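Summary of structural features
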Amino acid sequence: MDRKWRVWGTLGVLAALAVGGLLGFIVLPVVQGRAAGIDAFTAICRAVGILPGSPARPTPPYHAEPQPVTKVAWTTATFEELYRADRANGARLAGERCISCHTLEGNTPDPTIPRNIGQSVFALYKQLHDFRSGSRVNETMSPLVKDLDDKQIADLAAYYGRLFRGAIDPDVSGRYAGIDIQNIVSNGDVARGLPPCSACHATRAGGPIETPTLTGQYAQYLEAQLKAFASGARHNDIYHRMRSVAAKLTSNEIRLLAIQYSGE
Amino acid sequence: MAATEHEVVRSELRWAAAVSVFVVIIFGLTLFAALALHRNPPSNLERIDPKTLHLTGEFTEPNLGTRVEQNGQVTTRIVATQFAFIPPCVVVPADREVTLRLASPDMIHGILVSGTNVNTMVVPGYVSQVHTVFRTTGNLLMPCHEFCGLGHSQMLARVHVVPAQDFRPDAEGRVSCEAQ
Amino acid sequence: MKHNRNLVLAHLWLAFAVFAIAAVFGVWLMWVRSPLHAPYENPQNYFRSVTLHGVSMAYVLTTFFAMGFGYFVAETALGRDIPGIRWAWAAFVAGAIGAVMAALTVLAGDASVLYTFYPPLTASPLFYIGLVLVVGGSWVWCTIMIVAMTQWKRANPGLAVPLAMFATVANAIMWLWTTVGVAAELLFQVIPAALGWTDTVDVGMSRTLFSWTLHAIVYFWLLPAYIAFYTMAPEAAGGRLYSDTMGRLTFVLFLLYSLPVGLHHLFMDPEHSTGFKFVQTALTALVTVPTLLTVFTITASFEVAGRLNGGTGLFGWLRALPWRQPMVLATGLAFFMLWFGGGGGLINMSYGMNAMIHNTSWVTAHFHLIFGGTVVIMYFAIAYQIWPQLTGRVADADDLAQQRWQLWLWAVGMMVMTLPWHWLGLEGQWRRVAHFDYDDPLIAWWASWVDLSLLGGVILLISASLFIVNLARLHARQPAGRAGPQPLRYAVPLHPITRLPAALNGFALWNVLVLVLMAAAYGWPVGQFIAQPSPAAIVHHVDRPS
């Protein structure tokens, strides 16, 4: 009796696998491939998962030249560069090139020039890199960083920034710019497909790596950047992440959001 | 009532046979769709590095959206990222096979197109590919249906299905919502 | 039931306390999703609550309930103390600490990654380590269950292991097999990322490892309910179990076919081939069979009970059943909900139809109905059945009436909540959304259905509160002069067991076959990531500023 169970149990399982396997790995791909002009061997390899693509459809062709909006890619190598950055060298470079506008502390006095103090290291690295590569253009910054190499950019970013976003980025900023603006910051606007600002620009949001700290930044600078994103004049945000957001905001909202985040 | 254990087991087996037939019929529908209609779940297994997606040719920003390739195939390329689709609006022709290709540079996203059988996950590391024919014209919703972060609730795109005569590709074969 | 009493009570109270708290969050979540304005509404709160609700209901309620009920069955069905009770307590403490750790990190907002984790979103390592402690504790439970059955068989050679224990051990073995997936995902991918040891994660592999666990885990939740169907409901109905043999076969089929089917949760994913998705669809078709067998066997058992109770004619036995018994009532309500939930499952399994409902509210409605409905209502019934054994306090007519009220409210609330939800999912309402734009003409009509679902949720919360009250009532002192509870009797089969094959009294054969099935169904789907790793994605931490 025991033996009967062993035999039939095993046969049952093997039969289930055999039927499923035969159909799924052989019959279906061969039949589908034939209709799509894919040879049987390729179709079977695709059905097993050894080759990419579908056994029932050829992969569409494309001819397109890469036109990246930034040359920065967040790879392990880039992270390593930032973790190993030399802050002392960054300080030295800052003393040479940055001090006259941004000061050594990063607390710039001019409200059209962004504060760097406590800014995300990743944000600083990306913007410096983009100025150098021409992905972002500014008549002051572009010539200043043209001859820096990747390591120097990393050092500068590490000097001014903090590896974790600084204490000046609480989830909601100081000044109260009205309930509607608060609402955009916390809840976005689903009717416009507008995500909340704090979905990215907050501690523990888990948003894109290069997200900058906004809190405590000059309102004038923030407003100028949002307007630049909205018009497309600034376009180094990967896959329109900021352009799509800024374009949905009215000018009044942009002005008030800038004030909200600046805390002024 | 069954008088003996033997009769009990037989009644159970009769029932098991009946329900197995029922289950086989349901399974058979899947088999039929696969053999006769060549329908498969979206299984593209085409790998692509999410970290350098924005540096590639196929998924570079100007190449996104709907394009009619030289062989007449209509391909719509969309990138899903935190927290928007790009392009947020695409145009597709009705009654013609369309291939949607999606990729993500960051999180797991997913899409469905309301009222159609278009439904796929967009997993970073892979190009998702769905083939369909849009039967009814109109404005369809394409939300992100997988949790991708705090902005997930606002992540929505639109699909304009236009009749064939209104589907007019430009010199490069591209059709966009702005041009319509 | 002397020795285990506190151990069982500790597990079950932890499970139910967490359940009650999570139920409150559940109603708030439905409120936020509805067109009505809810307090404290923002994405941070919403997703933190979804994570808490999901983790509590899917991991804490279920695991601790299964463990507590398992300890109860082991002692009462086998008639001996469980082995290694100190280990059992240590496992409870570790699991409880783990659950608290996970809950606190979620409440602090450091772990809004949902109960499905979704790397590259990466929470605080304390969250994952907490859950590892819960799972680790459950592995100790599995070991104790297996050892208890082995020792009993050695002491009773040639005798049939009582069905309740056989099924419990089947569940334990299935749990051991299935947790390998999530344990591997957490230990090798997610926790190293959370600790900052790695910057990237292979998302394809993590989803696949999680899917390994994802189907059999629902059967881990479900099998205690089925144990009640087979071994408690027929007895409560005053009848016999129609077939003990088919019962055993059912649990064996669950062990075999609930494991190699996880890819059906990844039908819409690009990282798996059509061939493996098809094979796992075929195997999923097989796992529908034990449920369908159960429907027949338990209905037949109830017919036996009904006729023994004087029922005549084609359906007269239905009316003759003692519906006033909570266990009988719960079984009937569970079976009613099973038609809808199980039917939904058949649709989910067919990947053509799956494409219509994947990641819509249909899925959420489905698992709330099948798990929250069919399974949890049996958890309530089991609790009502065994509580007198644990506290020495018999339920009087008032208690039983309250219990029936609670069960009815639960079933009604569940139907009211999930039926509109299924419908909206079919109409394309997508998942995990805190906010819908009810002004959009395309979806404005959803509003009243969402409100109806919310009403169902409120009814469920009332029922959940009543459940806690009912349990508390069974802790009150026994009134003087009333006899204590009778010892629990498990259902007796219609015909006595004469000869039982080793295959239906042990798991050696089935473990080998599970290995064969898992190797065939998951070998390449997991192996492909080792042979050809997916390009990895950057980790996004949700527990720290960067």
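Residues numbered from 1 in each chain as written. Chains lettered and ligands numbered in written order. Predicted model: local features only at pLDDT ≥ 70, side-chain atom pairs only at ≥ 80, totals over all residues. Heavy atoms only, no water.

Digging into the packing of helix α6 (residues 203–231) of chain C against helix α9 (residues 274–308) of chain C
Residue and element names in this part refer to chain C. For clarity, the cut-off: Under this scheme, a helix contributes an axis fitted over its contacting stretch, all axes are lines through C-alpha atoms, and angles between N-to-C directions fall in the 0 to 180 degree range. Here a helix means four or more residues in a row that DSSP labels H or I, a strand means two or more in a row labelled E, and each is numbered from the N terminus. For classification purposes, an angle smaller than 35 degrees is called roughly parallel, one larger than 145 roughly antiparallel, one from 65 to 115 roughly perpendicular, and anything else oblique. Crossings are sorted by hand: turned counterclockwise from the far helix by less than a right angle, the near helix makes the crossing left-handed, and turned clockwise it makes it right-handed. Only heavy atoms enter the contact rule, under which two residues are in contact if any of them lie within 4.5 Å. Gly counts as polar in this scheme, as do all residues outside two lists: the nonpolar Ala, Val, Leu, Ile, Met, Phe, Trp, Tyr, Cys and Pro, and the charged Asp, Glu, Lys and Arg.
Packing of α6 against α9 leaves a shortest axis separation of 11 Å and a crossing angle of 20°. If you check the angle between α6 and α9, you find them roughly parallel. In terms of crossing hand, the pair formed by α6 and α9 is left-handed. Residue-level contacts link Tyr219, Tyr226, Phe229 and Tyr230 of α6 to Val287, Thr291, Leu293, Thr294, Thr297 and Ile298 of α9. Partitioning the contact of α6 with α9 into residue classes produces seven nonpolar, three polar and no charged.

Some details on the interface of chain A and chain C
The cut-off we apply is this: Simply put, the buried area is the total loss of 1.4 Å probe accessible area from both parts when two parts are fitted together. The term salt bridge refers to a side-chain nitrogen of Lys or Arg lying within 4 Å of a carboxyl oxygen of Asp or Glu. Whenever a nitrogen or oxygen atom comes within 3.5 Å of another N or O atom, the pair is scored as a polar contact, on the condition that within protein one atom can donate a hydrogen and the other can accept it, and that pairs from neighbouring residues in sequence are kept only if both atoms are in side chains.
Each partner contributes to the interface: chain A provides 46 residues, whereas chain C provides 49 residues. For the pair chain A and chain C, the summed buried surface comes to about 3500 Å²; carbon and sulfur atoms form 68% of the total. When the buried area of chain A at its contact with chain C is split by residue, Trp5(A), Leu17(A) and Arg204(A) rank highest and sum to 20% of it. At the boundary of chain A and chain C, one finds one salt bridge. A salt bridge links Asp110(C) to Arg204(A), with the shortest nitrogen-to-oxygen separation between them at 2.6 Å. Between chain A and chain C we count 11 residue pairs in polar contact (both at pLDDT 80 or more) in total. Mapped onto the side of chain A that touches chain C, the elements with two or more residues apiece are α1 (2–36), α2 (40–48), α3 (76–83) and α8 (179–187) of chain A. In terms of residue count, the dominant contributor to the side of chain A that touches chain C is α1(A) (16 residues). Its residues assigned to classes, the side of chain A that touches chain C comprises 25 nonpolar, 15 polar and six charged.

Points about the state of the cysteines
Put simply, the rule is: The disulfide definition used here is simple: a pair of cysteine sulfur atoms within 2.5 Å.
All chains considered together, the criterion is met by one disulfide over all chains. Here Cys89(B) engages in a disulfide with Cys177(B); their sulfurs sit 1.9 Å apart. Since a negative S-S torsion denotes a left-handed disulfide, the Cys89(B)-Cys177(B) link at about -85° is left-handed. A residue pair is termed long-range when its members are at least 10 positions apart, and Cys89(B) in strand β5 (residues 89–93) and Cys177(B) in the segment after β12 (174–175) qualify at 88 residues. We note that Cys101(A) lacks a disulfide partner, and the nearest cysteine sulfur, in Cys98(A), lies 8.9 Å from it.

What to know about the interface of chain B and chain C
On the chain C side, the residues contacting the 61 residues of chain B number 70 residues. Summed over both sides, the interface of chain B with chain C buries roughly 5600 Å², with 69% coming from carbon and sulfur. There are two salt bridges connecting chain B and chain C. Between Asp440(C) and Arg158(B) there is a salt bridge; the shortest N-O distance is 3.1 Å. Remark: the boundary between chain B and chain C carries 22 residue pairs in polar contact (both at pLDDT 80 or more). Every element with two or more residues in the side of chain B that touches chain C is listed here: α1 (5–36), β8 (119–122), β9 (126–133), β10 (138–143) and β11 (156–162) of chain B.

As for the packing of aromatic side chains
Centre distance and the angle of the planes are the two values used to describe a pair of aromatic rings. Residue and element names in this part refer to chain C. What counts here: A pair of Phe, Tyr and Trp rings is counted when the ring centres sit within 6.5 Å of each other, with Trp represented by its six-membered ring. The angle between the planes then sorts it: under 30 degrees is stacked, over 60 is edge-to-face, the rest tilted. Burial classes: relative accessible area under 20% of the type maximum marks a residue as buried, over 50% as exposed, and values in between as partly exposed (1.4 Å probe, protein chains only). Consider the ring centre and the ring normal. A charge sits over the ring if Lys NZ or Arg CZ is within 6 Å of that centre and within 35 degrees of that normal.
Here the structure, examined in full by the defined rule, presents 50 aromatic pairs over all chains. Where Phe19 meets Phe467, the ring centres are 6.5 Å apart and the plane angle is 85°; that geometry is what we call edge-to-face. With a gap of 448 residues between them, Phe19 in helix α1 (residues 5–33) and Phe467 in helix α15 (residues 446–473) connect regions that are remote in the sequence. For Phe19, a relative accessible area of 2% translates into the label buried. Owing to a relative accessible area of 0%, Phe467 belongs among the buried residues under this scheme. Between Phe336 and Phe340, the aromatic rings sit 5.4 Å apart at their centres with planes inclined by 65°, giving edge-to-face as the arrangement. Of this pair, Phe336 and Phe340 both sit in helix α11 (residues 326–349), four residues apart, roughly one helical turn. On the accessibility criterion, Phe340 (36% relative accessible area) is partly exposed. Arg248 extends its terminal NZ or CZ atom over the ring of Phe166, reaching a point 5.3 Å from the ring centre.

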